[in-house]
Structures are given as C-alpha cells and as structure tokens.
Amino acid sequence: MTETEIHIIEGLRQQSPKVQQEALEQYGNYVWAQVVRLVTSVEDAEEVYQDVFVKVFGNIKMYDEERSSFRTWLSRIAYNESITFLRRKRQAIIYFEDNEGQADALSEAEVEETLGHGNEETVQLIRAAIRHLPPDEQAIITMFYYDEMSLKEIAYVTETIPTTVASKLSRTRKKLCKIIKMLQS
Amino acid sequence: MKDQNIRNALHQEEQNRPPMPADLNARLMQRVEKEVNSKAERKHTRIVWPWIAAACVAGVIMMFLMPPKIDNTVSDETSIAKVEKDSVKQQIEILQIEEPQTLIANVAKERMNELKIAKAKTAKESDTSNLIAMTEKDIETTAEEVIATDSNTHRAKETTYDNCPSAEPQPRMLTERDIPITRPENYKYTKEEIALMKKQANEAYLKWVELEIEISKYNLENTAENR
C-alpha cells in the first residue's frame, strides 16, 4: 500500500473534508469509468457515482486492508452500486443470450482463429460484439483485459470465487466469437 | 500477448466512454456536507427524544397514581349528615306543628259537639236515646282509640325525637325524597300519570296484536278460498 493510500484512508476515517476532496481527485476518474461501463446514461452514472462515494465516506470503517487494496474496494462498491441501480431501474437491455449453448460448443482453436487476427476489422467486430454482452460480463472482461485485475481481485469485486470468474471469462470469449460469427453472417 | 485484439477493442471502447463532468466532485462534496449536517441534527433529536418520551411516560404514571381531589365543602359523609339533620329538623317542625294533646282534644271536642247537636235534635224521640247512648259510647271509644293511636304515634315520635340527638343524628338510607328533582321533564308527569300512560301503552299494544291476528286470519281464509 502506498503512502498516498495510507494518508487517504486515515483522513477518511477521521471524516476530514480536505482528504475527501483529495480522494475524489485521486480515484474519481477510475470510479467514473467503472460506473459508466455498466450505467451507460450520463445522468444515471452521475447519480450512481455520487452514491458510491457517499457510501465510501460513510463506510470507511468497514474497509479491511488485509482483504484487498483500497482501489479494489472502491471497484467493488462501484460495481455493486451499478448493478443494484440497473436492477432497480429495470431498464430493458438487449444483449445476446446463448440459450442453445452453441458458444460452449466452440473449441479453443476456433476462438483463437476468430479473435486472433491482428487487424482493425477484428477489433471493430470485437467492439461491436462487446456491446451485445450483458453488463456484468462486459464489466468482468473489462476488469480483466483493460484494468488488468487478477482473478482473485475480480472475484472480490463481484463477490464470487476465482474459479467462477475464470469460467465466466472463458464463456465470454466464446460468446464473443459466436456474436462475431453472427455479425459476419 | 494473448487476446490482444480484445484488449485493443476494450481500450478503444473505454476511450469512447463519456467523460466525467467537471463539477461532479463539487456537487458531491455539497451533498456530503448536507448529509453530515442532517446527521448531526438527527443525532441531537435522537438524544433529546428519549428524555421527552420518558417525561411523557412519567406524567402518565403520575396521573394514575395520584389520588383524586377531595372537595372539602361536600363529601359523602357530610352530605348524609346534612340530610339527616334536615330530616330531623323536618320532624321537629312536624312535631311542633302537630301537638298531640291538642290534636286529640280537638278531635274529641268536635265529636262531642256533633253528638250534642244530634242529641238536641232527637231529644224527644225515646227510640233514639239508646242510639245516642250507643253513639256516645262509640264516640268515647273512638275518642279513646284516637287518643290511644295518637299517643302511640306520639310516643313513637317522641322516641324517634328522643333518639335523635340534635347534634348527632343516626345514619339512615337516602330515599328518592331526599334527592331533589333536577330534570325539568320530571316535573311534567306525576307518578300516577306515568302509570296511566304505561297502562294505556300496554293496552294499545295488545289491541295492535289482536288486529294483526285478525288480518292474518282474513288473509289465510282468502288464500284458502282462492285455491
């Protein structure tokens, strides 16, 4: 844990407004990115962002340094608040659901072949395919590939176990492949 | 690196996400400040309200435990004593008004006078002499009876009068006479009138019942004929 983190945690525990401001400057953009991945509307994302930090400032006493880093703890609160907001709003989200299990039938070789081409077209196809994924799967693959979080950290954020996260990642890759094939056809 | 395309795609997606508004943190700090102030107020009221609740409970308990107020001017015992005094006074007044000796003497005198008048009228008739003697005897006996009964009543009154000390009357049960009439409608009808009205009401009800029976009989007969 860095000195900045220690200073911020101590200041938040004392409910210092100055340190709260510093925490917002330090972690604000990161939390915003976490929230806006799941809650696409800007107005809704602003509301959820505020709820996240109000919860962080109010529940700082519950933070345990031994379980996770402060950043990961923030990610967990942001993820849970976003998912709760989506459930509460009951917004209709259209995404690909592999009810027939065709994605699972794909082999690893097929997936590598579909996703492995190093061209811009493949990247655009993957971007389009990601938008068809459910919000929680989008968040997981973003945390893994973009934020470069470990399986243990992702499991802590999503309140699951690392093996569940690993199997979900594998299924999501295959799903991306399936969506790309659908888009190409 | 494995899945590099996925990383690149995600990187591009993240770049295209809407940016955080510039005033968002300022608004957040204002909201946090408001919540802190409201929490402080709630804490203050939370500290105060148990005391208020305890005071209310104590007041309710005091209301139940405190004895009812006693009116020194009028009480059950003094009211009974007052009534008894009044009744004793009434008796004394009655006794003063009705002096038994004079009463008996007056009655006897009146009867003697009547007898004398009758005797004077029928003095010439010998048949009536015996009758007069009889009537005289009767009058005397009745006078004696009157004297006896009056003396008895006088003795009874005397005893009651003697037994009722002027300062400390014996307790007795209150009757309707002691309770004054306060409702104006009770002045309207006497007891006899009320009894008469009840009797008339009962008679009217009986007549109505008889009439209903007659009607039902008539209806039965009609339906029997129609069939």
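Here the structure is shown first, and the text comes after it.
Report on the interface of chain B and chain A, specifying residues and quantitative values.
On the side of chain A, 43 residues touch chain B, which itself brings 27 residues to the contact. Of the roughly 3,100 Å² buried where chain B meets chain A, counting both sides, 59% is carbon and sulfur surface. The closest approach of N and O atoms between D51(A) and R31(B), which form a salt bridge, is 2.8 Å. Breaking the side of chain B that touches chain A down by element, the ones donating at least two residues are α1 (4–15) and α2 (24–65) of chain B. For the side of chain B that touches chain A, the element with the highest residue contribution is α1(B), accounting for 11 residues. Residue composition of the side of chain B that touches chain A, grouped by class: 11 nonpolar, seven polar and nine charged.

Go over the nonpolar core, please, and point to the residues and values.
All names here are of chain A. Ranked by internal contacts, the top residues of the largest apolar core, which has 66 residues, are V31, Y49 and F70. In terms of residue count, helix α2 (residues 17–38) provides more of this core than any other element does, 10 residues in total. Ignoring any residue separated from it by four or fewer positions in sequence, one finds F70 in contact with E5, I8, I9, L12, Y27, V56, I60 and Y63.

Could you give an account of unusual backbone geometry, naming the residues involved and the relevant values?
Residues and elements named next belong to chain A. Unusually for a residue other than glycine, Q15 sits at a positive phi of about 60 degrees. As for its position among the elements, Q15 is in the loop between α1 (3–13) and α2. Positioned with a positive phi, E148 is a non-glycine residue whose angle comes to about 55 degrees.

Just give me the short version of the pattern of salt bridges, but keep the residues and values in it.
Overall, the coordinates contain 14 salt bridges over all chains when judged by the stated rule. With a shortest N-O distance of 3.2 Å, E65(A) and R13(A) are connected by a salt bridge. In this pair, E65(A) sits in the loop between α3 (42–58) and α4 (70–89) while R13(A) sits in helix α1, placing the two residues 52 residues apart along the sequence. Looking at E65(A), the relative accessible area reads 35%, which means it is partly exposed. R13(A) sits in the partly exposed class, given a relative accessible area of 27%. Three or more residues joined by partner-sharing salt bridges are found here, namely R37(A), D147(A), E14(B) and R17(B).

Definitions and limits used
- Residues numbered from 1 in each chain as written.
- Chains lettered and ligands numbered in written order.
- Predicted model: local features only at pLDDT ≥ 70, side-chain atom pairs only at ≥ 80, totals over all residues.
- Heavy atoms only, no water.
- Contact = heavy atoms within 4.5 Å.
- Buried area = accessible area lost by both parts, 1.4 Å probe.
- Salt bridge = Lys/Arg side-chain N within 4 Å of Asp/Glu carboxyl O.
- Helix = DSSP H or I, 4+ residues; strand = E, 2+ residues; numbered from the N terminus.
- Nonpolar A, V, L, I, M, F, W, Y, C, P; charged D, E, K, R; others polar.
- Core = buried A, V, L, I, M, F, W, Y, C linked by side-chain atoms within 4.5 Å.
- Buried < 20%, exposed > 50% of the residue type's maximum accessible area, 1.4 Å probe, protein only.

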